[in-house]
Amino acid sequence: MDIQKQIEELRSLLSYHNGLYYNNDEPEISDFEYDALMNQLKELEAAHPELITADSPTQRVGGAASLKFSAVTHSVPMESLQDIFSPEEMEGFMLKINAEYGQLEYVLEPKIDGLSVALEYRHGRFVRGSTRGNGLVGEDVSENLQTIASIPRELPVKLPYLEVRGEVYMPMQNFIELVEAQELRGEKTAKNPRNAAAGALRQKDAAVTASRKLDIFVFNIQAIEGRELQTHSESLSFLEELGFKVTPDRAVLTEPHKIMEGIQSLGEKRGTLGFDIDGAVVKVNSLAIREELGSTSKFPRWAAAFKYPPEEKETTLLDIEINVGRTGVLTPTGIFEPVQLAGTTVSRATLHNADFIAEKDVRIGDRVILRKAGEIIPEVVSVVEHAAASAPYEYPKACPSCGAETIREEGEAAIRCQNPECPAQLLRNIIHFASRNAMDIEGLGEAVAKQLVESGLVSSPADIYSLNEEALASLERMGSKSAQNLLAAIEKSKQNDFYRLIYALGIRNIGEKAAKLLCENIHSIEGFFEAKIEDVTAIEGFGQVMAESLISFFELPQTAHLIGLLKEHGL
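What you are looking at is a predicted structure, and each value in this text was computed from that prediction instead of being measured. (Residues numbered from 1 in each chain as written. Predicted model: local features only at pLDDT ≥ 70, side-chain atom pairs only at ≥ 80, totals over all residues. Heavy atoms only, no water.)

Two elements in contact, helix 3 (residues 87–101) and helix 9 (residues 256–268), have axes separated by 10 Å at closest approach and are oriented at 140 degrees. Classed by the angle they form, the pair helix 3 and helix 9 counts as oblique. As helix 3 runs across helix 9, the sense of the crossing is right-handed. The residues of helix 9 that touch helix 3, namely those facing Pro87, Met90, Glu91, Met94, Leu95 and Asn98, are Pro256, His257, Ile259, Met260 and Ile263. Of the residues belonging to the contact of helix 3 with helix 9, the class tally is 8 nonpolar, 2 polar and 1 charged. (Axes fitted to C-alpha atoms, helices over the stretch in contact; angles between N-to-C directions. Helix = DSSP H or I, 4+ residues; strand = E, 2+ residues; numbered from the N terminus. Parallel < 35°, antiparallel > 145°, perpendicular 65-115°, else oblique. Left-handed = near helix turned anticlockwise from the far one by under 90°. Contact = heavy atoms within 4.5 Å. Nonpolar A, V, L, I, M, F, W, Y, C, P; charged D, E, K, R; others polar.)

Below, the structure is given as structure tokens:
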């Protein structure tokens, strides 16, 4: 391929992934895959400097300021770091500096995988916080940043001006809880902690940001008035005195081989830190020498980031376990001979879906490669060899939770159970059934629904109408008055418009607007059981997929059972 054309294709691809990562918080490839593409472009441009352009991704920071927030021009550019992928390159980076200045001190820190922000203080009071954006112009997210408890509002030392840089992140446990809550509500789940943190920080509603329980590590002083500092390590200690939460697990070292040992040691801790890291940062400790070294057009010459490659291990697939998610999706999980990956013992890994298993031809007994590239859930990269006399894996045609027939809709990778009484989907179904746009049962939110299901008081949406004050009183934090109010709301819901019940049933592809339209054309519950696909597709706005979802739902014997129970309760 022509070199210029190859460079242009790489630039276009990197710009596309930049937009997804920085602006949409929805990356399609891993950080390591992105870094490999960037490295490829850097090598081509280094070999052909005449082809370098100012708008190349190698010459600028990836993000852009969002139009959702007011723009902030950074008084000190928020530069990105030079990425290094091998021990030889990292040692070379330090030896080059040492050749000019003699043996120097370096600070080794973990590279937190989050969203970079600047915090500004005047006379000890927090006045503004902004995202990095493109490094020169970011976005004002002050209100959202103030929801993070570890960011000081006032400092004990009233410096005329202080600007610090930090990384906002979502702790691992908070991320796991967020994903569980998103699954429960049938929402699209966050891919990793970094995207979850970025999405939360850029919410228009600060209350949503607060609910995501973000945190921050501060790792640099951008500008300071009223205090002289000599080294980076001194500045970090000073920031701790001021009350900032500063990057942990840092060390001041001199010998390059010791620094490489520290990088390796830090990498072995991945997965055990409680937060995500994607590398280790090495910085010159002397602030005066930093000033002399300066920066290129994109990154400082006094710091570099060693990026950890995805760690891969070979093991044996012992079994495939099928779990039914709260949205009815049948998800395969591989059970493996335990291996150590990124500091944790791994014996389970996602197999994603039926297509993934078929494409990689994953079979029970296979030797496979597992990877954990800073993600929460490890995955199978490839099959090394099939077990003797193995056979292709057959996906179950019946739901392992309730035995109902599974379906796969056209254009979907997911295979799902659509039984409205499936025990595995019960909690989500109860929450949806009682939600505001469905049966609108005030007082029956996620917390109460969870208690009702876990206590065994409710095993079907119809059981909601069997509840009494005595049963509700057994629930935690449910007093007599609250129980009476909930029972009144349950009784009131029996008089709801017909379309609310149809929507509350949680039929795949049938939203609130579709339910309204259906009920304008089908006027009784019996009509839904009698309807044919051609009757539904004749309704304006209804296609084949929606019609098939509706008809197949009302053909289920479990649907007839549920509707019968609801009728008995007076709906």
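With that settled, consider the environment of isoleucine 502. Its location among the elements puts isoleucine 502 in helix 16 (residues 498–504). Taking relative accessible area as the criterion, isoleucine 502 reaches 0% and is therefore assigned buried. As for isoleucine 502 and alanine 438, which are separated by 64 residues in sequence, their C-alpha atoms are 8.3 Å apart. Not counting chain neighbours up to four residues away, the residues in contact with isoleucine 502 comprise Ile507, Ala515, Cys519, Ile525, Phe528 and Phe554. (Buried < 20%, exposed > 50% of the residue type's maximum accessible area, 1.4 Å probe, protein only.)

Attention now moves to the environment of proline 557. Positionally, proline 557 belongs in helix 21 (residues 557–568). Residues proline 557 and isoleucine 510, 47 residues apart in the sequence, show an inter-C-alpha distance of 19 Å.

A negative phi angle is the norm for most residues apart from glycine, just as the trans form is the norm for most peptide bonds. Phi angles above zero are rare outside glycine, and histidine 123 is one such case at about 50 degrees. Its place among the elements puts histidine 123 in the loop between strand 4 (115–122) and strand 5 (125–131). Its relative accessible area of 56% is what places histidine 123 among the exposed residues. Unlike most non-glycine residues, aspartate 440 shows phi in positive territory, near 50 degrees.

Our next topic: helix 17 (residues 512–521). Those residues of helix 17 lying buried are Ala514, Ala515, Leu518 and Cys519. Take helix 17 and look down its axis: the buried residues cluster within an arc of 130 degrees, on one side only. Turned more than 90 degrees off the buried face of helix 17, the exposed positions are Lys513 and Glu520. (Arc of directions from axis to C-beta.)

This paragraph deals with the nonpolar core. Judged by nonpolar contacts, the single largest core of 53 residues is most densely connected at Ile441, Leu444, Ile502, Leu505, Leu518 and Phe554. In this structure, Leu155, Val164, Phe175 and Leu214 belong to the second largest nonpolar core, which totals 36 residues. (Core = buried A, V, L, I, M, F, W, Y, C linked by side-chain atoms within 4.5 Å.)

The next subject is the sheet that holds strand 5. Spatial ordering of the open sheet is given by 5-4-7-8, a layout of 4 strands whose pairing is antiparallel. Looking at the sheet topology across the chains shown, the edges are occupied by strand 5 and strand 8 (215–225). Mean inter-strand twist for the sheet, computed between neighbouring axes without regard to direction, equals 25 degrees. Pairing of strand 4 with strand 5 involves 6 bridges; the strand directions are antiparallel. Bridge pairing in strand 5 links tyrosine 121 to phenylalanine 126. With respect to the sheet, helix 6 (residues 193–201) is in contact with strand 4 and strand 7 (161–169), its orientation differing from that of strand 4 by roughly 45 degrees. (Pairing = 2+ DSSP bridges.)

Quick look at the pairing of strand 8 now. Looking along a regular strand, one sees the side chains alternate between the two faces of the sheet. Taking burial as the measure, the 11 residues of strand 8 include 9 buried ones, the bulk of the element. Sheet topology places strand 7 next to strand 8; 9 bridges connect them, and they run antiparallel. By the bridge assignment for strand 8, tyrosine 161 is matched with glutamate 225.

With that settled, consider helix 15 (residues 480–493). With 14 residues, helix 15 extends 20 Å between its outermost C-alpha atoms, agreeing within 8% with the 20 Å of an ideal straight helix rising 1.5 Å per residue. Within the sequence span of helix 15, burial applies to Ala483, Leu486, Ala489, Ile490 and Ser493. Summarising the axial view, the buried residues of helix 15 lie within an arc of 125 degrees, below the 170-degree limit, and thus occupy one face. Exposed and oriented more than 90 degrees from the buried face of helix 15 are Lys481 and Lys492. (Expected span 1.5 Å × (residues − 1).)

Under the definition given, this model contains 0 disulfides. No disulfide involves cysteine 422; its nearest neighbouring cysteine sulfur is the one of cysteine 399, lying 3.9 Å away. (Disulfide = S-S within 2.5 Å.)

Below, the discussion takes up the packing of aromatic side chains. Per the stated rule, a full pass over the model turns up 12 aromatic pairs. Plain terms: the ring middles of tyrosine 121 and phenylalanine 244 are 5.5 Å apart, the flat faces sit at 85 degrees to each other, and that makes the pair edge-to-face. One end of the pair, tyrosine 121, is in strand 4; the other, phenylalanine 244, is in the loop between helix 8 (232–241) and strand 9 (251–253), with 123 residues separating them in the sequence. On the basis of relative accessibility, which here comes to 1%, the residue tyrosine 121 falls in the buried class. An aromatic cluster is defined as three or more aromatic residues linked by ring pairs; in this entry it consists of Phe498, Phe528, Phe529, Phe553 and Phe554. Sitting over the face of the ring of phenylalanine 69, lysine 204 holds its NZ or CZ atom 5.3 Å from the ring centroid. Above the plane of the ring of tryptophan 302 lies arginine 290, whose end atom (NZ or CZ) is 3.9 Å from the centre. (Phe/Tyr/Trp six-rings, centres within 6.5 Å; stacked < 30°, edge-to-face > 60°. Lys NZ or Arg CZ within 6 Å of the ring centre and 35° of its normal.)

The values reported here are purely geometric and, on their own, carry no functional implication.
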